[in-house]
Amino acid sequence: MRLARSFIAIVSAALGAACMSAALASTSTTEPIDGQPAKPLYQMQPVEVGRYLAWEHAHEPDVRRRIAAIARKNIGQPYRLNLLGEFPFQVHDALPMFSLDHSDCTVFVEHTYAMALSKSWDEFFWMLQRIRYRDGIIGVATRNHYTELDWNVANRWLVTDVSAQLVGSDGPSYPMTVDRATFLRTRHHTDADIPVETSRQAYVPKARAVALASQLREGDYVNVVSLLADGKTMVTHVGLVVLGPDGERHFLHSSDPAVREETFASFIARAEAREERNRQAGKKGSTLIGFKFLRLNDDIVVPPMAPQPRPS
């Protein structure tokens, strides 16, 4: 009996030491890093992202430069459409609430902004939901689905539309009608009593975009405006402004096959080449007509997250 008690005590001590070692090892992974990690952001695990964000904030106090640095850390990230949902918060689909290894254009922008405004993984995840949903209330019905009338409006604390200012009062615009109730019912099997909304949106025509882009600043938000095959005009793609080595404004964005950085002239040329291929093949497709540009606010005051309502 005495031997049994001694054996149990030894085993308990060993297990306790093992648990303590594991706890210390786990804690050590959250300690600050000495230098910027070599691996790209999309190959990191969440704990590594948290450490990287703490390092980035300590070494780059300017939020615009931090946005550019974090965005470039994801160059090469594979593109995949329809990445995110509300699972497990809601179960209308099985898509998760964040993605590190892949992005689409909106996911790339939201993650970059959220990371640039955060010093830890916990803060990043909170900030991502604050950006992605109206008032930060998580749910498919409160997600900022439409760029012009949802995302840009809900995130006025972060960015300000300067398109009309750039082109002048007589600049071009397009009408937009949004029926969120029908969209949610047909695309997400969700019923919501939301009235139809109409609006008119100013934009910068592609012929003037390269010249006017010189007035943009690093970290500004880019909306690509297209004429669709059905005759509707809307934002079909988004990305960020970064500065090239010579100060030229570059477009950094997630598009098939991966996140890339290019000049606005290059982006326009590629779009026009695709449109010509579609025309020669007799295919219908979208046509690039211009851009909406949104200025990153100089004084960013992040609003509090609204209380989550109790599910009905």
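Higher on the page you've got the structure.
What you see is a predicted model, and the numbers here were worked out from it, not measured in a lab.

(A) Summary view of the side chain of His-57. Its place among the elements puts His-57 in helix α2 (residues 46–59). A distance of 3.2 Å separates the side chain of His-57 from the backbone oxygen of Ala-116, its partner in a polar contact. Residues within four places of His-57 in sequence aside, it is in contact with Arg-66, Met-115, Ala-116, Leu-117, Ser-118 and Lys-119.

(B) Structural detail: the pattern of salt bridges. Under the criterion given, the structure shown has 15 salt bridges. A salt bridge links Glu-272 to Lys-206; the shortest N-O distance between them is 3.0 Å. Linking Glu-272 in helix α10 (residues 264–280) with Lys-206 in helix α9 (residues 206–212), this pair joins segments that are 66 residues apart in sequence. Several salt bridges share partner residues, and in doing so they unite Arg-64, Arg-217, Asp-220, Arg-295 and Asp-298 into one network.

(C) Representation of unusual backbone geometry in the model. For the bond running from Phe-87 to Pro-88, omega is 5°, close enough to zero to count as cis. With respect to the element layout, Pro-88 can be found in the loop between α3 (63–72) and α4 (105–116). Following Asp-256, the chain continues into Pro-257 via a peptide bond in cis, with omega recorded as 15°. Looking at where Pro-257 falls in the secondary structure, it is placed in the loop between β7 (249–255) and β8 (258–263). Within the chain, His-189 stands out as a residue other than glycine whose phi angle is a positive 50°. Note on placement: His-189 falls in the loop between α8 (180–188) and β3 (197–202).

(D) Main features of the packing of α2 against α3. With their axes 10 Å apart at the nearest point, α2 and α3 run at an angle of 145° to one another. By crossing handedness, the relation of α2 to α3 is classed as right-handed. Facing α2, whose interface residues are Tyr-52, Leu-53, Glu-56 and His-57, α3 presents Arg-66, Ala-69 and Ile-70.

About the criteria used
- Residues numbered from 1 in each chain as written.
- Predicted model: local features only at pLDDT ≥ 70, side-chain atom pairs only at ≥ 80, totals over all residues.
- Heavy atoms only, no water.
- Helix = DSSP H or I, 4+ residues; strand = E, 2+ residues; numbered from the N terminus.
- Polar contact = N/O pair within 3.5 Å; in protein donor to acceptor, adjacent residues only side chain to side chain.
- Contact = heavy atoms within 4.5 Å.
- Salt bridge = Lys/Arg side-chain N within 4 Å of Asp/Glu carboxyl O.
- Axes fitted to C-alpha atoms, helices over the stretch in contact; angles between N-to-C directions.
- Left-handed = near helix turned anticlockwise from the far one by under 90°.

Interpretation in functional terms is not warranted from these geometric data alone.
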